Amino acid sequence: AVGLIESTCPQSSARVSLVVGGPCNVGPGMVVGEELKETIRSHLDLQKDNANAKYTKKALKYYTTLATRAVNAGFSVDIFACSLDQVGLYEMKVVADKTGGYMVMSDS
């Protein structure tokens, strides 16, 4: 969404709403693989750098880069997460923090 607005509305401020219902499992922002046997990382996995946290560093780098692009373009990104399980907010929170957006999490 950030890339689309960057190209169609340059030099304009915008607000992007990201509504997530599950973790990203493809692309550079993935936080868990596609295999169902692979579980998403927990806080302990992050602290101990366990195998479940293998996607975290790449995802943090991607979302930090995305946040920088949004800030430079004058965009604000809001994140709305509704899920009974984790959705990867640990990795995505930098986008809302840097752009001045809101982050709302609720169980459905």
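This structure is a prediction, so every number in the text was calculated from the model and none was measured.

**Here's the deal with the overall build of the protein**
(1) Moving on: Looking only at helices and strands, the protein has four helices and three strands in total.
(2) Moving on: Reading the protein from its N terminus to its C terminus gives the helix and strand order α-β-α-α-β-α-β.
(3) Moving on: Taking 13 Å as the expected radius of gyration for a compact globule of 108 residues, we find that the protein reaches 14 Å, a close match to that expectation.
(4) Moving on: The burial tally for the protein puts 34% of its 108 residues in the buried class.
(5) Moving on: In the protein, the share of contacts with a sequence separation of at least 24, taken over all contacts with a separation of at least 6, comes to 66%.
(6) Moving on: Accessible area of the protein: about 6,800 Å², with a carbon and sulfur share of 56%.

**Some thoughts on the packing of helix 3 (residues 56-73) against helix 4 (residues 89-99)**
(1) Moving on: Helix 4 packs onto helix 3 with a crossing angle of 15° between their chain directions and a minimal axis gap of 8 Å. The angle between helix 3 and helix 4 falls in the class roughly parallel. With respect to the hand of their crossing, helix 3 and helix 4 are arranged in right-handed fashion. For the pair formed by helix 3 and helix 4, the contact residues are Thr56, Ala59, Leu60, Tyr63, Thr64, Ala67, Thr68, Ala70 and Val71 on the first element and Tyr90, Glu91, Met92, Val94, Val95, Lys98 and Thr99 on the second.
(2) Moving on: Each residue belonging to the contact of helix 3 with helix 4 can be placed in one class, and the counts come to ten nonpolar, four polar and two charged.

**Overview of the environment of Val77**
(1) Moving on: Here Val77 lies in strand 2 (residues 75-82).
(2) Moving on: Relative accessible area serves as the criterion here: at 5%, Val77 is assigned to the buried category.
(3) Moving on: Each C-alpha atom of the pair Val77 and Lys93 lies 10.0 Å from the other, and the pair is 16 residues apart in sequence.
(4) Moving on: Not counting the four nearest positions on each side in its chain, Val77 is found in contact with Val2, Val16, Ala70, Val95, Ala96, Thr99, Gly101 and Tyr102.

**Things to note about a nonpolar patch on the surface**
(1) Moving on: A contiguous nonpolar surface patch, about 400 Å² in accessible area, is contributed by Val19, Phe80, Tyr102 and Val104.
(2) Moving on: Of note, Val19 is situated in strand 1 (residues 14-20).

**Description of the nonpolar core**
(1) Moving on: Ranked by size, the top nonpolar core spans 22 residues in total, and within it Val2, Tyr63, Val77, Leu89, Met92 and Val95 carry the most contacts.
(2) Moving on: For this core, the secondary-structure elements that each account for two or more residues are helix 1 (2-8), strand 1, helix 3, strand 2 and helix 4.
(3) Moving on: Excluding its chain neighbours within four sequence positions, the residues that come into contact with Met92 are Leu18, Val20, Tyr63, Ile79 and Val87.

**Quick look at the environment of Lys61**
(1) Moving on: Inspection of the secondary structure puts Lys61 in helix 3.
(2) Moving on: Relative accessible area serves as the criterion here: at 63%, Lys61 is assigned to the exposed category.

**Details of the sheet that holds strand 2**
(1) Moving on: The parallel open sheet is built from three strands, whose spatial order is 1-2-3. Each end of this open sheet is capped by a strand with a single partner; those strands are strand 1 and strand 3 (103-106). Each strand of the sheet is rotated relative to its neighbour by a mean of 10°, with strand direction disregarded.
(2) Moving on: The sheet contact formed by strand 2 and strand 3 spans four bridges and is parallel. Across the sheet, Cys82 pairs through a bridge with Ser106, a residue of strand 3.
(3) Moving on: Against the sheet, helix 4 makes contact with strand 1, strand 2 and strand 3, and its axis sits at roughly 145° relative to strand 2, the strand it touches most.

About the thresholds
- Residues numbered from 1 in each chain as written.
- Predicted model: local features only at pLDDT ≥ 70, side-chain atom pairs only at ≥ 80, totals over all residues.
- Heavy atoms only, no water.
- Helix = DSSP H or I, 4+ residues; strand = E, 2+ residues; numbered from the N terminus.
- Rg over C-alpha atoms; globule rule 2.2 N^0.38 Å.
- Buried < 20%, exposed > 50% of the residue type's maximum accessible area, 1.4 Å probe, protein only.
- Contact = heavy atoms within 4.5 Å.
- Areas by Shrake-Rupley, 256 points an atom, 1.4 Å probe, with all protein chains shown as cover.
- Axes fitted to C-alpha atoms, helices over the stretch in contact; angles between N-to-C directions.
- Parallel < 35°, antiparallel > 145°, perpendicular 65-115°, else oblique.
- Left-handed = near helix turned anticlockwise from the far one by under 90°.
- Nonpolar A, V, L, I, M, F, W, Y, C, P; charged D, E, K, R; others polar.
- Patch = residues over 30% accessible without salt bridge, like charges linked within 9 Å, V, L, I, M, F, W, Y side chains within 5 Å.
- Salt bridge = Lys/Arg side-chain N within 4 Å of Asp/Glu carboxyl O.
- Core = buried A, V, L, I, M, F, W, Y, C linked by side-chain atoms within 4.5 Å.
- Pairing = 2+ DSSP bridges.

None of the figures reported here should be taken as evidence of function without further support.
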